[in-house]
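Overview (structure and organization)
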Amino acid sequence: MKQLAVNKKVGKMLLFEDIQRAEKIVAKHVVKTPIVQSKALSDAIGEEIYLKLENQQITGSFKIRGAINAISNLTPEQRKAGVVALSTGNHGRGLAYAANLMKIRCIICMSELVPNNKIEGIKEIGAEVKLIGGNQDEAQLEADRLSIEEGMTYISPFDNIDVIAGQGTLGLEIYRQIPKLKFVFVPLSGGGLICGVAKALKSLNPNLKVIGVSMDRGAAMYESQKAGKPIFVKEEESLADALTGGIGLDNKYTFDLTRKLVDEIVLVSEEEIAKGIHHAYWHESQIVEGAGAVAIASLLNNKSTPKGPSLALMCGKNIDIDKHFNLIAAKH
Ligand SMILES: *Cc1c(COP(=O)(O)O)cnc(C)c1O
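Residues numbered from 1 in each chain as written. Predicted model: local features only at pLDDT ≥ 70, side-chain atom pairs only at ≥ 80, totals over all residues. Heavy atoms only, no water.

A few points about the nonpolar core
Ranked by internal contacts, the top residues of the largest apolar core, which has 40 residues, are Leu 181, Val 186, Leu 193 and Leu 311. Secondary-structure elements contributing two or more residues to this core are helix 2 (16–26), helix 9 (161–177), strand 7 (183–187), helix 10 (192–204), helix 11 (220–227), helix 12 (254–261) and strand 10 (310–314). In terms of residues, this core owes the most to one element, helix 10, which gives 7 residues. Once residues within four sequence positions are removed from consideration, Leu 181 is found in contact with Tyr 50, Ile 174, Asn 205, Leu 208, Pro 309, Ser 310 and Leu 311. Among the nonpolar cores identified, the runner-up in size contains 30 residues, and Leu 53, Ala 291, Val 294 and Met 314 belong to it. (Core = buried A, V, L, I, M, F, W, Y, C linked by side-chain atoms within 4.5 Å. Buried < 20%, exposed > 50% of the residue type's maximum accessible area, 1.4 Å probe, protein only. Helix = DSSP H or I, 4+ residues; strand = E, 2+ residues; numbered from the N terminus. Contact = heavy atoms within 4.5 Å.)

Focus on the confidence of the model for the protein chain
Mean pLDDT for the protein chain: 94, with 97% of residues reaching 70 or above. Per-residue pLDDT stays below 50 along residues 1–9; that stretch engages in 8 contacts with residues further than four places along the chain or on separate chains. (pLDDT = per-residue confidence, 0-100.)

A look at the side chain of Glu 142
Checked against the element boundaries, Glu 142 lands in helix 8 (residues 136–149). Overall, the relative accessible area of 10% leaves Glu 142 in the buried class. Here the side chain of Glu 142 touches Lys 130 through a polar contact of 3.1 Å, side chain to side chain. (Polar contact = N/O pair within 3.5 Å; in protein donor to acceptor, adjacent residues only side chain to side chain.)

A closer look at the site of the ligand
Surveying the vicinity of the ligand reveals 16 residues, the closest of which are Lys 63, Asn 90, Gly 190, Gly 191 and Leu 193. Measuring from an oxygen atom of the ligand, one finds a side-chain N or O atom of Asn 90 at 2.8 Å. The backbone of Ser 189 places a nitrogen or oxygen atom 2.9 Å from an oxygen atom of the ligand. Contact with the protein chains hides 97% of the accessible area of the ligand, taken as 390 Å² for the molecule alone. Within the shell around the ligand, the residues separate by chemical class into 8 nonpolar, 6 polar and 2 charged. (Near = heavy atom within 4 Å. Areas by Shrake-Rupley, 256 points an atom, 1.4 Å probe, with all protein chains shown as cover. Nonpolar A, V, L, I, M, F, W, Y, C, P; charged D, E, K, R; others polar.)

Some words on the packing of helix 2 against helix 9
Two numbers describe how helix 2 lies on helix 9: the axes approach to 8 Å, and their chain directions differ by 85 degrees. Between helix 2 and helix 9, the interaxial angle falls into the category roughly perpendicular. Residues Phe 16, Asp 18, Ile 19, Gln 20, Ala 22, Glu 23 and Val 26 of helix 2 pack against Ala 165, Gly 166, Gly 168, Thr 169, Leu 172, Glu 173 and Arg 176 of helix 9. Across the contact of helix 2 with helix 9, the residue classes tally to 6 nonpolar, 4 polar and 4 charged. (Axes fitted to C-alpha atoms, helices over the stretch in contact; angles between N-to-C directions. Parallel < 35°, antiparallel > 145°, perpendicular 65-115°, else oblique.)

A word on the sheet that holds strand 4 (residues 106–110)
Strand order in the open sheet formed by 4 strands is 5-4-3-6, with parallel pairing between adjacent strands. Only two strands of the sheet have a single neighbouring strand rather than two, namely strand 5 (128–131) and strand 6 (153–154). (Pairing = 2+ DSSP bridges.)

Let's talk about the side chain of Ser 310
By secondary structure assignment, the location of Ser 310 is in strand 10. If near-sequence neighbours (up to four positions away) are discounted, Ser 310 is found in contact with Glu 48, Ile 49, Tyr 50, Leu 181 and Phe 183.

As for the sheet that holds strand 2 (residues 49–53)
Reading across the sheet, the 6 strands line up as 1-2-10-7-8-9 and stay open at both edges, with mixed pairing between neighbours. Taken across any chain shown, the strands that pair with only one partner, and hence form the sheet edges, are strand 1 (35–37) and strand 9 (264–268). Strand-to-strand twist in this sheet, taken as the mean axis angle between neighbours without regard to direction, amounts to 25 degrees. Sheet topology places strand 2 next to strand 10; 5 bridges connect them, and they run parallel. Its bridge partner being in strand 10, Tyr 50 is matched across the sheet by Leu 311. Here helix 9 sits on the sheet in contact with strand 1, strand 2 and strand 10, set at roughly 135 degrees to strand 2.

Have a look at this one:
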């Protein structure tokens with residue numbers, strides 16, 4: 001029976017109504033982040049270019065949207081047992097925040113190699129941290145054990161229909177703020193963010209184009225789409241650390257949804273990401289992490305040419321402060 005409860009949503013379609021329903025739950029707990037026009041990018045490209053400042057979201061990224069919606073959709077028994085995830089980054093922070101808000105237990109499993117400041121960061125938000133073994137795979141085994149033996153619900157950072165619908169609330173918000181948009185550039189890793197945002201935006205304006213942006217090092221969704229199925233792509237270090245990692249060979253939702261909803265995927269180099277972070281600070285007065293800079297980077301480097309009012313999503317700001325200092329001090 002437990003197994004059935006865990007798997008009950010496999011194969012469920014993502015509906016526009018799921019995102020509208022998610023917004024009723026999510027909106028009251030998150031900041032409606034501003035959209036500003038970028039003078040520098042508009043001048044450079046010759047179109048109106050807007051920035052969605054989701055880097056200013058609570059916990060420093062959009063991930064709390066999906067986490068709040070996922071927790072809200074748990075059954076009372078599932079809530080009692082709590083949630084578990086595997087993340088040293090924004091998903092861990094987002095889920096910890098959402099669980100704390102909704103007063104349920106949350107365990108984040110990590111390898112023992114994770115730096116102390118990341119561990120403390122997640123504990124501070126209110127989650128329990130379990131340090132297991134010397135790599136991600138062992139941490140994954142512990143997360144699996146907690147879900148099977150203790151009935152905790154494993155929350156994927158992207159391949160979960162409630163998470164995708166939660167991230168989609170960003171799309172509803174963007175459309176309401178600027179309905180005239182023609183192109184929207186969205187950072188892309190596992191695809192939960194872009195699938196939710198694209199579903200919301202295209203339901204409201206079917207002509208709008210959604211462009212995914214990934215780093216050129218280990219772009220798992222890009223390579224998988226090219227191959228026509230989810231494939232293993234070697235993970236590499238990147239300035240856009242929130243975008244690294246695979247999409248899962250057993251991907252349930254985001255591979256198919258990306259094929260249906262995303263018009264194009266473009267890639268940016270490490271140097272281009274570095275310039276994006278630099279640009280965000282000096283021209284837009286924004287602190288962004290690498291993943292938060294890739295949409296700007298793709299525009300600055302003409303990876304795809306937008307026609308008409310367009311928007312770059314700045315999705316996160318959680319970057320090591322010494323690293324950020326070095327990047328903004330660099331000459332470009
Ligand atoms: C998680 C994350 C992404 C990627 O989201 P996906 O749903 O995996 O595509 C992008 N930027 C930031 C800051 C993130 O935390």
